[in-house]
Amino acid sequence: MRRVLSLLFPLFLLTGCYNQGQLSPDAWDLTEQQLDSISFYTTHHYTQNFNFLVRRDSLPVIQQLPAEVLSGMPVDTLMLYRGNHLVVADITTVPADSIDSIWVKVARDQNSFGWIHERDLLQAVSPDDPISQFIDFFSNSHLLIFLATVIIVVVAYIMRKLVRRNAKLVHFNDIPSFYPTLLCLLVASSATLYSSIQLFNPESWRHFYYHPTLNPYAVPAHLACFLLSVWAILIVAIAAVDDIRRQLPAGEALLYVLGLMATCAVAYIVFSVSTLYYVGYPLLGCYVAFALWRYYKYASVHYLCGHCGARLHQKGECPHCGALNV
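Quick look at the structure, then.

Rules of the game
- Residues numbered from 1 in each chain as written.
- Predicted model: local features only at pLDDT ≥ 70, side-chain atom pairs only at ≥ 80, totals over all residues.
- Heavy atoms only, no water.
- Helix = DSSP H or I, 4+ residues; strand = E, 2+ residues; numbered from the N terminus.
- Buried < 20%, exposed > 50% of the residue type's maximum accessible area, 1.4 Å probe, protein only.
- Contact = heavy atoms within 4.5 Å.
- Areas by Shrake-Rupley, 256 points an atom, 1.4 Å probe, with all protein chains shown as cover.
- Phe/Tyr/Trp six-rings, centres within 6.5 Å; stacked < 30°, edge-to-face > 60°.
- Core = buried A, V, L, I, M, F, W, Y, C linked by side-chain atoms within 4.5 Å.
- Polar contact = N/O pair within 3.5 Å; in protein donor to acceptor, adjacent residues only side chain to side chain.
- Salt bridge = Lys/Arg side-chain N within 4 Å of Asp/Glu carboxyl O.
- Expected span 1.5 Å × (residues − 1).
- Axes fitted to C-alpha atoms, helices over the stretch in contact; angles between N-to-C directions.
- Parallel < 35°, antiparallel > 145°, perpendicular 65-115°, else oblique.
- Nonpolar A, V, L, I, M, F, W, Y, C, P; charged D, E, K, R; others polar.
- Patch = residues over 30% accessible without salt bridge, like charges linked within 9 Å, V, L, I, M, F, W, Y side chains within 5 Å.
- Pairing = 2+ DSSP bridges.

## Quick word on the overall build of the protein chain
Point 1. A count of helices and strands for the protein chain gives eleven helices and eleven strands.
Point 2. Burial analysis of the protein chain (326 residues in total) assigns 36% to the buried set.
Point 3. Look at the contacts in the protein chain between residues 6 or more apart in sequence, and 58% of them connect residues 24 or more apart.
Point 4. Accessible area for the protein chain stands at about 20,300 Å²; split by element, carbon and sulfur atoms hold 63% of it.

## Overview of the packing of aromatic side chains
Point 1. Tallied over the entire structure, the rule returns 18 aromatic pairs.
Point 2. Ring plane angle 80° and centroid distance 5.1 Å describe the contact between Tyr295 and Tyr296, whose orientation is recorded as edge-to-face.
Point 3. By way of ring pairs, the aromatic residues Tyr46, Phe50, Phe52, Tyr209 and Tyr210 are connected into one cluster.

## Thoughts on the nonpolar core
Point 1. Within the largest apolar cluster, 55 residues are counted, with the highest numbers of intra-cluster contacts made by Tyr46, Phe52, Leu59, Leu86, Leu121, Trp205 and Ile244.
Point 2. Residues in contact with Leu121, not counting those within four places in the same chain, are Phe52, Leu59, Val104, Val106 and Ile116.

## Description of the side chain of Ser190
Point 1. Looking at the secondary structure, you find Ser190 in helix H7 (residues 179-200).
Point 2. Classification of Ser190 as buried rests on a relative accessible area of 6%.
Point 3. A distance of 2.9 Å separates the side chain of Ser190 from the side chain of Ser229, its partner in a polar contact.
Point 4. Leaving out residues up to four positions away in the same chain, Ser190 has contacts with Phe226, Ser229 and Ile233.

## Notes on the pattern of salt bridges
Point 1. By the definition in use, this model includes six salt bridges.
Point 2. Here Arg246 makes a salt bridge to Asp242, at a shortest N to O gap of 3.8 Å. Here Asp242 and Arg246 lie together in helix H9 (residues 221-247), a separation of four residues that amounts to about one turn.
Point 3. Looking at Asp242, the relative accessible area reads 34%, which means it is partly exposed.
Point 4. Between Asp243 and Arg246 there is a salt bridge; the shortest N-O distance is 2.5 Å.

## Remarks on H9
Point 1. Between its terminal C-alpha atoms H9 stretches 38 Å, which fits the 39 Å expected from 27 residues at 1.5 Å a residue.
Point 2. Three or more residues of H9 are buried, namely Leu223, Ala224, Phe226, Leu227, Ser229, Val236, Ala240, Asp243 and Ile244.

## What about the packing of helix H5 (residues 130-139) against helix H8 (residues 202-210)?
Point 1. H8 packs onto H5 with a crossing angle of 125° between their chain directions and a minimal axis gap of 8 Å. Taken as axis vectors, H5 and H8 run oblique relative to one another. Judged by residue contacts, Ser132, Ile135 and Asp136 of H5 engage Trp205, Phe208 and Tyr209 from H8.
Point 2. The class makeup of the residues in the contact of H5 with H8 is four nonpolar, one polar and one charged.

## Points about unusual backbone geometry
Point 1. Although it is not a glycine, His45 sits at a positive phi angle of roughly 70°.
Point 2. Within the secondary structure layout, His45 lies in the loop between helix H2 (32-44) and strand S1 (51-54).

## Focus: a nonpolar patch on the surface
Point 1. Taken together, the side chains of Val270, Val273, Leu276, Tyr277, Val279 and Leu283 present a nonpolar region at the surface, about 500 Å² in accessible area.
Point 2. With respect to the helices and strands, Leu276 occurs in the loop between helix H10 (250-274) and helix H11 (280-299).
Point 3. Residue classification places Leu276 among the partly exposed residues on the basis of a relative accessible area of 36%.

## Overview of the pairing of strand S3 (residues 77-81)
Point 1. Side-chain alternation along S3 places Leu78 and Leu80 on a buried face and Thr77, Met79 and Tyr81 on a face that remains uncovered.
Point 2. Pairing analysis gives five bridges linking strand S2 (residues 58-62) to S3, with the strands arranged antiparallel. Within S3, the position partnered with Val61 by the bridge is Leu78.

## Here we look at the packing of H7 against H8
Point 1. Where H7 meets H8, the closest approach of the two axes is 5 Å, and the angle between their N-to-C directions is 110°. Considered as vectors, H7 and H8 are oriented roughly perpendicular to each other. From H7, Tyr194, Ile197, Gln198, Leu199 and Phe200 reach across to H8, where they touch Pro202, Ser204 and Trp205.
Point 2. The residue inventory of the contact of H7 with H8, partitioned by class, reads six nonpolar, two polar and no charged.

## Remarks on the environment of Thr213
Point 1. Relative to the helices and strands, Thr213 resides in the loop between H8 and H9.
Point 2. There is a polar contact of 3.1 Å between the side chain of Thr213 and the backbone nitrogen of Asn215.

Given below as structure tokens:
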């Protein structure tokens, strides 16, 4: 009962009441411009005064009006560079433009501003939020391919070294702790859920990308599940490192943690990519079955040595003190 209460107590701390307040009679008495802004916001997920960060080496914007550009008049170009902070100053629709009818006016400061097609803008910027930039970093396809190649080589090398030394390794020569196995399963499940949201509900993920939060109570249910899994990964990772530190000497603990990190990295890349092609779902089921089978058959602890108190997977001679346990 105390364990259940200890788990429920942090959840109670994260909840609270919110008084929305009484709506005034003119709460929805909006102008046509405000209605257009709300309509644009619901479909494009940003509007005026939204902040962007340039992530390309350079971004050209035109200082003249879009109508002057389409009419063939000479225009001046302003170059924006990587790391520049931009704010959306205005948005307009030009139906006569066959390339992109939506033009966005962005400003770096009071004297540096210009117009650009929305399509070109969104390909060169990211929301000026650390969570959005973190998502950008881990969603980069070229980065994933590079990381996959490097990690596979590193994991193969580490596993070869660990097997030769008969060192502890998650799933293969594991320690009697369920936290490392649980961490790998959480990473694989979170990667599958992450790709599933992008696959089946991309608009909700796009809105989350433009307006990120770490509060699972402020987003829809599927995003809340993903955020809860991220928090669970963080908590279980801390518990796993603490358990590894207590059970292994410093050198072996470091090797085990490195092997665990490599396994989690491989799980993230494999399941986040394979789920986009629907292969990740049966693969996740097989991986869960394999991980649980390996743990309960080879790593789970059922007995304690009657002489020295060491943990034993099965009865027999204790590997620590040599006592016979029957």
